Structures are given as C-alpha cells and as structure tokens.
Amino acid sequence: MNIAALALPDRVVKPLADYCMIAGRFGLAILFMAGALQKAFAPEVTEQLLVLKGFPPAVIWPAMGGSAFGAACLMMGVWLGPMAFLLALYAIATSLFHYVPEDPIQMSILVKNWAIAGGLLVLCAHEAMTPRR
C-alpha cells in the first residue's frame, strides 16, 4: 500500500515518508556495521570461511572497511545510490559463501542476503528517481 493512498495530507505524508527512509537506511546500515565489527573483533571466523572457499584470509580487511564505510554512507545519507548498488553487489557475492543446500540455516542466510540486496536496489532506484533538494 502506498502511504499517499491513505488520503493523508501532504504535510503528514512527506515527513512520514522521510522518517521511513531514514529508518530503512539505518536498519540496513546496522547490518553492515555489525558485519564490520564482527570481522574486526573475531576475524578468525571469517578468515576460515575465506580459506575454505579458496580466498586469501587478508580479503577480510577490505571487506570490513567496505562494510563500515558503506554503513556510514547509509547513515549519513551520502552517495546513497552508488553505495546502495555496491552494497547490493556485495550482499549477493557474499551470499554465495552460504550456498550449502544440505544446511537449511546457511540457505536461510543466503536468501536473507538476497532480500537485503533487494532492499538496497530499491534504495538505489529511489535515489536515481528522486531529485536532490
């Protein structure tokens, strides 16, 4: 349902839409910031996964930095379109680490990553279609 379809006056709809956008951006940012913090404080878990998939363990550090920087951009509202697109690609790429058909928990994480990517792509499209103030 479209917020505007509630037949509320613009003075109510516009701030409500703005608050929803901010809350959504912060919700997405929290996921990426939590991932960055996990990599910073317990890198061995991710490093083991990287090695199992044939990557050097040092890949964790640019992944951590990118996640933290992306989260900061989402929270501050800067470079939203490009950053949302890059984070969506990152979410899709990392979902492949969870492709373990015999493990339903890993498959659930894979699908959640796709959903996160979908939300980020919606944000990217919204930014592309919304004129800057």
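Our structure's up above, just so we're on the same page.
Cut-off values and rules
Residues numbered from 1 in each chain as written. Predicted model: local features only at pLDDT ≥ 70, side-chain atom pairs only at ≥ 80, totals over all residues. Heavy atoms only, no water. Axes fitted to C-alpha atoms, helices over the stretch in contact; angles between N-to-C directions. Helix = DSSP H or I, 4+ residues; strand = E, 2+ residues; numbered from the N terminus. Parallel < 35°, antiparallel > 145°, perpendicular 65-115°, else oblique. Left-handed = near helix turned anticlockwise from the far one by under 90°. Contact = heavy atoms within 4.5 Å. Nonpolar A, V, L, I, M, F, W, Y, C, P; charged D, E, K, R; others polar. Core = buried A, V, L, I, M, F, W, Y, C linked by side-chain atoms within 4.5 Å. Buried < 20%, exposed > 50% of the residue type's maximum accessible area, 1.4 Å probe, protein only. Patch = residues over 30% accessible without salt bridge, like charges linked within 9 Å, V, L, I, M, F, W, Y side chains within 5 Å. Areas by Shrake-Rupley, 256 points an atom, 1.4 Å probe, with all protein chains shown as cover. Salt bridge = Lys/Arg side-chain N within 4 Å of Asp/Glu carboxyl O. Expected span 1.5 Å × (residues − 1). Disulfide = S-S within 2.5 Å. Phe/Tyr/Trp six-rings, centres within 6.5 Å; stacked < 30°, edge-to-face > 60°.

Undergrad: Just to check I follow, could you spell out the packing of helix 1 (residues 10-41) against helix 3 (residues 60-76) for this structure?
TA: Helices that pack against each other are described as a pair by the angle of their axes relative to one another and the distance between those axes. Packing of helix 1 against helix 3 leaves a shortest axis separation of 8 Å and a crossing angle of 155°. Relative to helix 3, helix 1 is oriented roughly antiparallel. The interaxial crossing formed by helix 1 with helix 3 has left-handed handedness. Each of Arg25, Phe26, Leu28, Ala29, Phe32, Met33, Ala36, Lys39 and Ala40 in helix 1 lies in contact with helix 3, whose residues at this interface are Ile60, Trp61, Ala63, Met64, Ser67, Ala68, Ala71, Ala72, Leu74, Met75 and Met76. Class assignment of the residues belonging to the contact of helix 1 with helix 3 gives a composition of 17 nonpolar, one polar and two charged.

Undergrad: Before we go on, may I ask you to explain the nonpolar core in this structure?
TA: Across soluble globular proteins, nonpolar side chains have a tendency to be buried as a group. Counting residues in each nonpolar core, the largest one holds 17 residues, and the members touching the most others are Leu28, Phe32, Leu74, Ala84, Leu87, Ile116 and Leu120. Those elements that provide at least two residues to this core are helix 1, helix 3, helix 4 (80-95) and helix 5 (104-129). Counting residues per element, this core draws most heavily on helix 4, which supplies six residues.

Undergrad: For this particular structure, what's the right way to read a nonpolar patch on the surface?
TA: A cluster of nonpolar side chains, contributed by Phe69, Met76, Val78 and Trp79, occupies part of the molecular surface with about 450 Å² of accessible area. Relative to the elements of secondary structure, Met76 occurs in helix 3. With a relative accessible area of 58%, Met76 lands in the exposed category.

Undergrad: For this particular structure, what's the right way to read helix 1?
TA: Side chains three or four residues apart in an α-helix point the same way, a direct result of the helix having 3.6 residues per turn. Taking 1.5 Å per residue, 32 residues should reach 46 Å; helix 1 reaches 46 Å between its end C-alpha atoms and fits that length. Every buried residue belonging to helix 1 is among Val13, Arg25, Leu28, Ala29, Phe32, Gly35, Ala36 and Lys39, and all of these are buried. In this structure, the buried side of helix 1 is in contact with helix 2 (43-52), helix 3, helix 4 and helix 5.

Undergrad: Please clarify how the state of the cysteines should be interpreted in this entry.
TA: On inspection of all chains with the given rule, the structure shows zero disulfides. Considering cysteine sulfurs only, Cys124 is the nearest to Cys20, which forms no disulfide, with 20 Å between them. Cysteine Cys124 remains unbridged, with the sulfur of Cys73 as its closest cysteine sulfur at 13 Å.

Undergrad: Explain the packing of aromatic side chains to me, please; I cannot follow it from the model alone.
TA: What characterises a pair of aromatic rings is the spacing of the ring centres plus the angle enclosed by the ring planes. Enumeration according to the criterion identifies three aromatic pairs in this entry. Between the aromatic rings of Phe55 and Phe97, the centroid separation amounts to 5.7 Å while the plane-to-plane angle is 45°, which identifies the pairing as tilted. Remark: Phe97 occurs in the loop between helix 4 and helix 5 and Phe55 occurs in the loop between helix 2 and helix 3; sequence separation between them is 42 residues. Taking relative accessible area as the criterion, Phe55 reaches 40% and is therefore assigned partly exposed. Phe97 sits in the buried class, given a relative accessible area of 17%. Their ring planes at 45° and their centres at 5.9 Å tell us that Phe69 and Trp79 sit as a pair that is tilted. One end of the pair, Phe69, is in helix 3; the other, Trp79, is in the loop between helix 3 and helix 4, with ten residues separating them in the sequence. A relative accessible area of 43% means that Phe69 is categorised as partly exposed.

By themselves, these observations are geometric and do not establish any function.
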